[in-house]
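Coordinates in review
Chain by chain, the residues:
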Amino acid sequence: MGEVISVKNLRKTYSNGVEAVKGINLSVQNQLVHALLGPNGAGKTSTMKSILGFIKFEGDIKVFGKNIDEVRNRISFVPEEKNFYTHLTPQKSIKMCKRLFKNFNDEEAFKLLKYFDIPINKKIGSFSNGMKTSLYISLSLAQEADLYIFDEPTTGLDPIKRSDLLELIRQKIIDGKTVLYSSHIIPEVEKIADYISIMYKGRIIYSGFRDDIKEKFKLLYVPTEISHKIGIDTKNFFAKLIEDEVIVLLSNDHKQWESLSNHEDIEIKDVDLEEFFNTLIRGYNDVF
Amino acid sequence: MFFKELNDIKMRSIVILLLLLVSLAVTIALRPYTETMFSQMISEFEKLPKFMKKIIGSPEQLTRLKDDEYYLISQWHGKNLGQFLPLLSLLIAFPIFAKENEKKTIYFLLARKKRKFVFWVKFLTGLFVLLIMTGGLSTMGFVLMKILGYSVSLVHLLPCLISEMVGVTFFFSLFLLFSIISNDQVKPVIAGIVILIGLPLLSLIKSVSFLNPYPYILCVNVLDKGIDWPYTIVLASVSLLLIVSDYLVFKNREF
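Residues numbered from 1 in each chain as written. Chains lettered and ligands numbered in written order. Predicted model: local features only at pLDDT ≥ 70, side-chain atom pairs only at ≥ 80, totals over all residues. Heavy atoms only, no water.

1. What about the sheet that holds strand β12 (residues 246–251) of chain A?
Residues and elements named next belong to chain A. The four strands lie next to each other as β11-β12-β10-β13, forming an open sheet whose pairing is antiparallel. Looking at which strands have only one partner, the edges of the open sheet turn out to be β11 (239–243) and β13 (267–270). Averaged over all adjacent pairs, the angle separating strand axes in this sheet is 20°, with direction ignored. For β11 and β12, the ladder comprises five bridges, and the chain directions are antiparallel. Its bridge partner being in β12, Lys 240 is matched across the sheet by Leu 249. Here helix α10 (residues 273–282) sits on the sheet in contact with β10 (218–223), β11, β12 and β13, set at roughly 85° to β11. (Pairing = 2+ DSSP bridges. Helix = DSSP H or I, 4+ residues; strand = E, 2+ residues; numbered from the N terminus. Axes fitted to C-alpha atoms, helices over the stretch in contact; angles between N-to-C directions. Contact = heavy atoms within 4.5 Å.)

2. Looking at unusual backbone geometry
For Asn 9 of chain A, which is not glycine, the phi torsion reads 50° and is therefore positive. Mapping Asn 9 of chain A onto the fold places it in strand β1 (residues 3–13). Owing to a relative accessible area of 40%, Asn 9 of chain A belongs among the partly exposed residues under this scheme. The residue Lys 104 of chain B is not glycine, and still its phi comes out positive at about 65°. Looking at the secondary structure, you find Lys 104 of chain B in the loop between α5 (68–103) and α6 (106–112). The exposure class of Lys 104 of chain B is partly exposed, given its relative accessible area of 29%. (Buried < 20%, exposed > 50% of the residue type's maximum accessible area, 1.4 Å probe, protein only.)

3. Comments concerning the pattern of salt bridges
Enumeration according to the criterion identifies 23 salt bridges over all chains in this entry. A salt bridge links Arg 11 of chain A to Glu 19 of chain A; the shortest N-O distance between them is 3.9 Å. The exposure class assigned to Glu 19 of chain A is partly exposed, which follows from its relative accessible area of 39%. The salt bridge involving Lys 62 of chain A is made with Asp 60 of chain A; its shortest N-O contact spans 3.4 Å. Accessibility expressed as a relative area gives 30% for Lys 62 of chain A, which makes it partly exposed. Residue classification places Asp 60 of chain A among the partly exposed residues on the basis of a relative accessible area of 33%. Through salt bridges that share partners, Lys 4, Glu 5, Asp 8, Glu 100 and Lys 122 of chain B make up one connected network. (Salt bridge = Lys/Arg side-chain N within 4 Å of Asp/Glu carboxyl O.)

4. Here's the deal with a positive patch on the surface
A cluster of like positive charges, contributed by Lys 92, Lys 95, Arg 99 and Lys 123 of chain A together with Lys 10 of chain B, occupies part of the molecular surface. Considering every element that reaches the positive patch, the biggest residue donor is helix α2 (residues 90–100) of chain A, with three residues. Residue position: Lys 123 of chain A is located in the loop between α3 (106–115) and α4 (129–141). (Patch = residues over 30% accessible without salt bridge, like charges linked within 9 Å, V, L, I, M, F, W, Y side chains within 5 Å. Areas by Shrake-Rupley, 256 points an atom, 1.4 Å probe, with all protein chains shown as cover. Lys, Arg positive; Asp, Glu negative; His and termini not counted. Charge placed at Lys NZ, Arg CZ, Asp CG, Glu CD.)

5. Remarks on the side chain of Arg 72 of chain A
Counting through the fold element by element, Arg 72 of chain A comes out in the loop between β4 (58–63) and β5 (75–78). A relative accessible area of 5% means that Arg 72 of chain A is categorised as buried. Here the side chain of Arg 72 of chain A touches Ala 111 of chain B through a polar contact of 3.3 Å, landing on its backbone oxygen. Other than its neighbours up to four places away in sequence, Arg 72 of chain A contacts Leu 52 and Gly 53 of chain A together with Leu 110, Ala 111, Arg 112, Lys 113 and Lys 114 of chain B. (Polar contact = N/O pair within 3.5 Å; in protein donor to acceptor, adjacent residues only side chain to side chain.)

6. Some details on the packing of α2 of chain A against α3 of chain A
Two quantities define a packed helix pair, namely the angle between the axes and the distance from one axis to the other. Residue and element names in this part refer to chain A. For the pair α2 and α3, interaxial distance at closest approach is 10 Å and the crossing angle is 155°. Judged on the interaxial angle alone, α3 and α2 are roughly antiparallel. Relative to α3, α2 is oriented so that their crossing is right-handed. Residues Pro 90, Gln 91, Ile 94 and Lys 98 of α2 form the contact with α3, whose participating residues are Asp 106, Ala 109, Phe 110 and Leu 113. Looking at side-chain class alone, the contact of α2 with α3 contains five nonpolar, one polar and two charged residues. (Parallel < 35°, antiparallel > 145°, perpendicular 65-115°, else oblique. Left-handed = near helix turned anticlockwise from the far one by under 90°. Nonpolar A, V, L, I, M, F, W, Y, C, P; charged D, E, K, R; others polar.)

7. Regarding the packing of aromatic side chains
Two numbers describe a pair of aromatic rings. These are the distance of the centres and the angle of the planes. One pass over the structure, following the stated rule, counts 32 aromatic pairs over all chains. Within the aromatic cluster, the residues linked to one another by ring pairs are Phe 97, Phe 119, Trp 120, Phe 123, Phe 172, Tyr 247, Phe 250 and Phe 255 of chain B. The ring of Phe 101 of chain A is capped by Arg 112 of chain B, whose NZ or CZ atom sits 5.9 Å from the centre of that ring. (Phe/Tyr/Trp six-rings, centres within 6.5 Å; stacked < 30°, edge-to-face > 60°. Lys NZ or Arg CZ within 6 Å of the ring centre and 35° of its normal.)

8. Some points on helix α1 (residues 44–51) of chain A
Residues and elements named next belong to chain A. With seven of eight residues buried, α1 lies mostly within the body of the structure. Among all positions in α1, only Lys 44, Ser 46, Thr 47, Met 48, Lys 49, Ser 50 and Ile 51 are buried. Positive phi shows up at Gly 53, right after α1, with a value of about 75°.

Here's what the structure looks like:
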């Protein structure tokens, strides 16, 4: 596996003083869907914009080992705002893209438009949001790129089209491509991602393979009373969330599971991505 | 990408071109009547109210309108085409970047193409269309009058062409800067209109009147003095500086 995107100590502070990204490191490996998961305002879009060179930043970013400008012809991008040229029809858009990009596959574009049920001779200006999104995605997927970057791509799509899109993105991985995918929708990420980086308040607070979360983590529900009684040091856990009279602890330490499993009041559960994400984000302030 | 840009400008250019062609047709069609009209005015000049005298200028100028060459330069280049050129530059320039910024379609281009490429294709396509229109309309005045048998010579066409082309390049580069920095299409239009209205006002203050490039674009002194080379060089240099600024601002802009 080669490294497709390398981000080292990325920092982004906007002119209004907002520190959107606070020194993150990110490594996107070849032929994987790497998901940036995080709530709104976590810094996902700023990270993507930095990678694409849309905004100035501090730190070092390499794509395919080079400066982004040297490899733009190998990249396809779907932004958060999926606005295309409204005065064009999809047919004319395909013609335009064919002229603009050498790696644009017009046959594939027509196929995708048919797949998404998009009329090819109507002006884009008359399309609904979902249709505009489908069109933008079709044009981006029809580009034979090596790296696809999607920023919240399913916004505005109905559940069926959303599912279809996720299938199409997975197909790109089978074809040997790489995908960087940002979203705040957990089931979507759970379905598509191979590798997940969870962002919150400008930091990456977890990075790892999706399957590792189920295999390596457990949630421990410890009643507050018991916690005080046996003197659990919550600082030693991956994340801590205090609920009504219960402390929820996220742990990847087998020894901790074993030592606490003897207490009948302590419940130890397998964790899915949603619980993992919620505990991590909601417990963030307690941990960091 | 050149064709994409051309397609974006196409509609605006055709509409403006048609309007200016109508204006040219009217200017030339009025030629046979102006002589009689102005002869009458000269004979009754002293009887005219003061404000009318101010508008018309001196009777000598009216007399010169008998000359076809003077008519072409003063009425077509000076009163019609020249007056429209800065507005034409604004209409071509303002949406080039601002529309893409406003609609966020700029991401589609910038993700896949280098900024340098995007800038130069957009800039050169806009300027190319503008110069073709300016050159075409400027020359057409001469050609049509010649075809209709008026006594016009090529001698003054080139100075007018140079003045108009340097002038539109200046205005285009200036208005493009507004287009680049703006996130919507309204601000560059307002800024452009302020400039278009503000520059002629500079003529009212003698010490800064040279900052108003209108007299230069309107070919006011072409018949008597030929082309104003120092002004041409200065305006071309300022335009060049503006083009470099346009590029640097676009290159460093955040999207």
